[in-house]
Amino acid sequence: MRLLPSLVTSVAGTTILKLGYCGTKFLSWTYCISPELAVSSINAGQVKRLEGAEYSENGTLLDFQIELVQREHNADKADGLMIISDFARDGFNAVLGCGYSSVTVDAATYGRASETVMIGYSATSPALSNKQLYSYFLRLCTPDSAQAAVFTDVLEANDWHQFAFLSTSDAYAQGLADYVAQLETERTALQLKGTFQSMEFAADFTDKEVRRQKWGPAVSKLVKTRAKIWLICVAAELTEKFYEFLAEEYAFLFGPEYVRVTCETFAMAQALVQSVVQSNQISTLGDFNVEPKSDSPVFDAFVDRYKASSLDEFGDFCKCSPDEVAAGKCMNPGQSFLTNGEGVSGAYMDSIFDAVFSFAQASLNIMKRDAGLAVGDIKGKVLLDEILGLEFLGATGAVSFDEYQDNYGGYCVNQADEDFNQICVWRWMGSLQPVSELKFKPFDGAKTASGAPSDEPQCSPGSMRVMVDGALQCIECRAGTFSSSSNSPACTPCAAGSVAPMDGAEECTPCAVGSFGFNSTHCQRCDPGTFASSVGRLVCEPCPAGSISSGGASSCSLCEAGSYTAAKGFSECLPCSAGFFQGSEGATSCDFCPAGTFSDTPGQPGCTACGLANGGTGGMIGVAHGQFCVCDPGFYFRCRDGESNSRCILNSGANVTCEPCPSAKTGSVVLRGLDCAGGYESRAGMSGSIEDLSSLQHAQPVNLPGFMSLVESPYESWGCRNERQCFGGVPGVCGPAGRDGNVQGCTTCVDGMFGIGDDCSDCSGSREWLMIALPICFFFSIPAMYYFCNSPVTANVGSMLATTMAFGMIVMILQVFGVF
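Now for a quick tour of the structure.

What counts and how
- Residues numbered from 1 in each chain as written.
- Predicted model: local features only at pLDDT ≥ 70, side-chain atom pairs only at ≥ 80, totals over all residues.
- Heavy atoms only, no water.
- Axes fitted to C-alpha atoms, helices over the stretch in contact; angles between N-to-C directions.
- Helix = DSSP H or I, 4+ residues; strand = E, 2+ residues; numbered from the N terminus.
- Parallel < 35°, antiparallel > 145°, perpendicular 65-115°, else oblique.
- Left-handed = near helix turned anticlockwise from the far one by under 90°.
- Contact = heavy atoms within 4.5 Å.
- Nonpolar A, V, L, I, M, F, W, Y, C, P; charged D, E, K, R; others polar.
- Expected span 1.5 Å × (residues − 1).
- Bend = angle between axes of the 7 residues up to and from the residue.
- Buried < 20%, exposed > 50% of the residue type's maximum accessible area, 1.4 Å probe, protein only.
- Pairing = 2+ DSSP bridges.
- Disulfide = S-S within 2.5 Å.
- Phe/Tyr/Trp six-rings, centres within 6.5 Å; stacked < 30°, edge-to-face > 60°.
- Core = buried A, V, L, I, M, F, W, Y, C linked by side-chain atoms within 4.5 Å.
- Salt bridge = Lys/Arg side-chain N within 4 Å of Asp/Glu carboxyl O.
- Polar contact = N/O pair within 3.5 Å; in protein donor to acceptor, adjacent residues only side chain to side chain.
- Patch = residues over 30% accessible without salt bridge, like charges linked within 9 Å, V, L, I, M, F, W, Y side chains within 5 Å.
- Areas by Shrake-Rupley, 256 points an atom, 1.4 Å probe, with all protein chains shown as cover.

Here the focus is the packing of helix H4 (residues 144-157) against helix H5 (residues 171-186). Two numbers describe how H4 lies on H5: the axes approach to 8 Å, and their chain directions differ by 55°. Here H4 is positioned oblique relative to H5, judged by the angle of their axes. The two elements H4 and H5 meet at a crossing, and its hand is right-handed. Together, Asp144, Ser145, Gln147, Ala148, Ala149, Phe151 and Thr152 of H4 and Tyr172, Leu176, Tyr179, Val180 and Leu183 of H5 make up the contact between the two elements. Residues that form the contact of H4 with H5 fall into these classes: 8 nonpolar, 3 polar and 1 charged.

Listed below in structure tokens is the structure:
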């Protein structure tokens, strides 16, 4: 989108009414110039003066000035919505536009929600007559329901009955096609028989192959109807590309036996169409074009003003760049394709002028009636009602709005001459009225037999009969196309999945099994991992999971046992990994080897049993190494040799034998003192990963609480006095610190310690206590001995006996303190 600065310089004390313009320069430069020219003409009192307006001596409008802001859109519907929302947000009084029906539909929807008055000048879709949906939209251009009536009146005037209607899928062209179909049903007396085909609408159809794929089927279907009258309505953006397509692929349609009646968009893109016609050396002599056309002195005056103007008068928005001038896309108004006010209407110049004039006249009426109304309030429902009540002679003729807020103007049915000029031969104002004689008599498709006269060339199957340099010739069908009948007007593209590899084909050959046809000229082998089980396939299907195929396959093969494919489209089966197996064909996954078995080689249909008595895989599934075969719980592998555990490592290669868990000895009583968990365990400091077998070893028996075993005889367990003396666990471990693990049953303390109950104490600490305790004991023993010797009890006892008893008491005291 491009923004034009204000066209009119605001004058102090002058009321400025703001009019937004939503348009495009694609179809003609007049789309840009006309609104600016209309505003400047009305502001300056030229062409037509406002009723009740005040003008200065030099003809300038005194009451107010119109300020125009242009914004350009393309074919994207979102453009119109954005432009209208911007204008409404910025407080514009009304909006002129938009250019395309497809863009205007969304814009008018927003206009209703925001109460923004929109005055249409070229959006002709009949859908916009629905005032429940588009209540703030009105238009000065005639809706296509009238253009559909012109089409049917042309058919009636020439006694044409059978016709083909070709259109694009945009809102404008499709709406016109729908109304023609409706009139065909309603006007039964005409005995019309139409065939309708719609083509995809997209602005970018530069690739020829894309055109063939998107447009070719619709054109070919209409060719097969043998209709000689073609009604063509293609979106204006596509006219150049569409004519190129017809000239390259269906040149015979431009022969003298065909009549083409085109809608107004062809006239709007006339310069582009003419360029294609001249470069491809095709003839549109005698073609008809239905075009809105005014017959009004106001329009003639506006055309004169247009021709006399120069691009220098207008803002930067309408000026041509050097590249645009060189490409012939931009020219001064006096050099445009208007000829004495006749022919093409100049891209809705008349309706553009009347739209601006309606806005100005309605605004003036409101200002005269309510002088105190703020300029910003001259919009919405107030402005809409005033415009709908207007009646005046404008550039489109007599202007007034019906109940659908539409204004009906006139049409011209033009016929092209040798120089591609459009000459109005019929004028339509509710009915066709002849204006000038037909310069070229068109072919009467309704009365001429479909067969070719005997003096015309007879073309055999495999060729088509087309007009070349003004004469019918037989042209061989190119590769990828065929014709099965004589004198065929066109060659038909091969259906998907069939091909014609050589020129001159009478029929297409379906692709064989194991191949597919994508480009209609040759079949291609199916890629590995795919297949085609029947002839005439457009694509090959991927092989289902669990199966594979090589190139050019008509079917897929199941994966053998020990392999699988998890998804579609594989060309090779994947082997089951070590630790897995698959015993069936056509598998989509592999299973874990069950506990007690292993598979150390990929691609195995089954797993190998451990073969170890009282042993297995320790409950593990998916074991990928035979070394993982270990003892079951309650059994153990006698692998320790003194302090060496080298044979205990899983991958040591030792011959594993599982023995029952050994018993313990407590005197003459045999008890179960060892616990054999079976399986494997990680070595200290190792990761314990399955991939690193050197980090794993066979699980060894451990002592239960209350039992112990010696390091040199780890499988011989001895009972202890109680569980506190022996905590259990690995060999050589007792209970409390200080108990000697090299002594059976942990019955003694290690050197330097002495036992107190089940515990052991450090002897060095006892000597310190003795040095303190002896003096204390000696000090208290003297009074005790004196008392003992002189007490009445011991008075009669002998001195030896008394001395002995006293010494015994001292020894007892020392024992209490733990000296001995």
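More follows now that the structure is in view.
This next bit is on helix H6 (residues 208-224). The end-to-end C-alpha distance of H6, which contains 17 residues, comes to 22 Å, matching closely the 24 Å that a straight helix rising 1.5 Å per residue would cover. At Trp215, H6 shows its maximal bend, which comes to roughly 50°, and the proline Pro217 appears one to four places after that position. Inspection of H6 places Arg211, Trp215, Gly216, Ala218, Val219, Ser220, Leu222 and Val223 among the buried residues, and these make up the whole buried set. As for H6, its buried residues are in contact with strand E6 (162-168), strand E7 (193-199), strand E8 (229-233), helix H7 (239-249) and strand E19 (492-493).

An order of E2-E1-E3-E4-E5 is seen for the 5 strands of this open sheet, with the pairing classed as parallel. In this open sheet, the two edge strands, each paired with only one partner strand, are strand E2 (64-72) and strand E5 (137-139). The mean inter-strand angle of the sheet, taken between neighbouring strand axes irrespective of direction, is 25°. Bridge analysis of strand E4 (residues 118-120) against E5 gives 3 bridges, and the strand direction is parallel.

Taken together, 8 strands build an open sheet; the order of strands is E7-E6-E8-E9-E10-E13-E14-E15 and the sheet is mixed. Edge positions in the sheet fall to E7 and strand E15 (432-434), since each of these pairs with one other strand and no more. When the angles between neighbouring strand axes are averaged without regard to direction, this sheet yields 25°.

What follows concerns the pairing of strand E1 (residues 15-23). Of all 9 residues making up E1, 7 are buried, and the element is well covered by its neighbours. In the sheet, E1 pairs with E2 via 9 bridges, with the strands oriented parallel. Within the sheet, the bridge partner assigned to Cys22 lies in E2 and is Arg71. Inspection of the sheet shows E1 paired to strand E3 (residues 94-97) by 4 bridges, in the parallel sense. Paired with Gly20 across the two strands is Val95, which belongs to E3.

Throughout the structure, instances matching the rule amount to 18 disulfides. Linked covalently through their sulfurs, Cys22 and Cys98 form a disulfide whose S-S length is 2.1 Å. What sets the handedness of the Cys22 and Cys98 disulfide is the S-S torsion sign, and at about 100° it is right-handed. Of the two residues, Cys22 is situated in strand E1 and Cys98 in the loop between E3 and helix H3 (101-114); the sequence distance between them amounts to 76 residues. Summarising the burial analysis for this pair, Cys22 and Cys98 share the class buried. At a sulfur-sulfur separation of 2.1 Å, the disulfide partner of Cys559 is Cys573. Taking the sign of the S-S torsion, -90° for the link of Cys559 and Cys573, the bridge is left-handed. Remark: Cys573 occurs in the loop between strand E28 (563-564) and strand E29 (574-575) and Cys559 occurs in the loop between strand E27 (557-558) and E28; sequence separation between them is 14 residues. By relative accessible area, which is 0% here, Cys559 ends up buried. Look at Cys573 and you get partly exposed, because its relative accessible area is 23%.

Another aspect to go through is the packing of aromatic side chains. Tallied over the full model, the rule gives 21 aromatic pairs. Ring centres 5.6 Å apart and planes at 65° place the aromatic pair Tyr243 and Phe254 in the edge-to-face group. Of this pair, Tyr243 sits in helix H7 while Phe254 sits in the loop between H7 and strand E9 (259-262), and the two are 11 residues apart along the sequence. Given the relative accessible area of 7%, Phe254 is considered buried.

Once that is clear, we can look at the nonpolar core. Leu50, Phe64, Ile66, Leu96, Ile119, Leu383 and Ile387 are the most contacted members of the largest nonpolar core, which totals 51 residues. Those elements that provide at least two residues to this core are E1, helix H1 (30-43), E2, E3, helix H10 (297-308), helix H12 (349-369) and helix H13 (380-388). Sort the elements by how many residues they give to this core and H12 lands first, with 12 residues. Grouped together as the second largest cluster of nonpolar side chains are 32 residues, Ala148, Val150, Leu155 and Phe163 included.

In this section: the pattern of salt bridges. Applying the stated criterion across every chain, the model contains 18 salt bridges. Between Arg71 and Asp86 there is a salt bridge, and its shortest N-O distance comes to 3.4 Å. Remark: Asp86 occurs in helix H2 (residues 77-89) and Arg71 occurs in strand E2; sequence separation between them is 15 residues. Each member of the pair, Arg71 as well as Asp86, is classed as buried. With its nearest N and O atoms 2.8 Å apart, the salt bridge here joins Asp385 to Lys381. Highlighted residues: Asp385 and Lys381, both in helix H13, separated by 4 residues, approximately one helical turn. Through salt bridges with shared partners, a single network forms among Arg71, Asp86, Arg89 and Asp90.

With respect to the secondary-structure elements, Glu291 resides in strand E10 (residues 288-292). There is a polar contact of 2.6 Å between the side chain of Glu291 and the side chain of Asn414.

At a closest axis distance of 9 Å, the pairing of H12 and H13 adopts a crossing angle of 110°. One way to sum up the angle between H12 and H13 is to call them roughly perpendicular. The handedness of the crossing between H12 and H13 is right-handed. Contact with H12, carried on its side by Ser358, Phe359, Ala362, Ser363, Asn365, Ile366 and Arg369, involves Val382, Leu383, Glu386 and Ile387 of H13 and no other residues of that element. Residue composition of the contact of H12 with H13, grouped by class: 6 nonpolar, 3 polar and 2 charged.

A surface patch of nonpolar side chains, about 320 Å² in accessible area, is lined by Phe518, Leu538 and Val539. Secondary-structure assignment places Phe518 in the loop between strand E22 (515-517) and strand E23 (523-525).

The step from Gly97 to Cys98 runs through a cis peptide bond, and the omega angle for that step is 10°. A positive phi angle, near 60°, is found at Asn614, a position not held by glycine. By secondary structure assignment, the location of Asn614 is in the loop between strand E33 (608-609) and strand E34 (615-616). A relative accessible area of 36% means that Asn614 is categorised as partly exposed.

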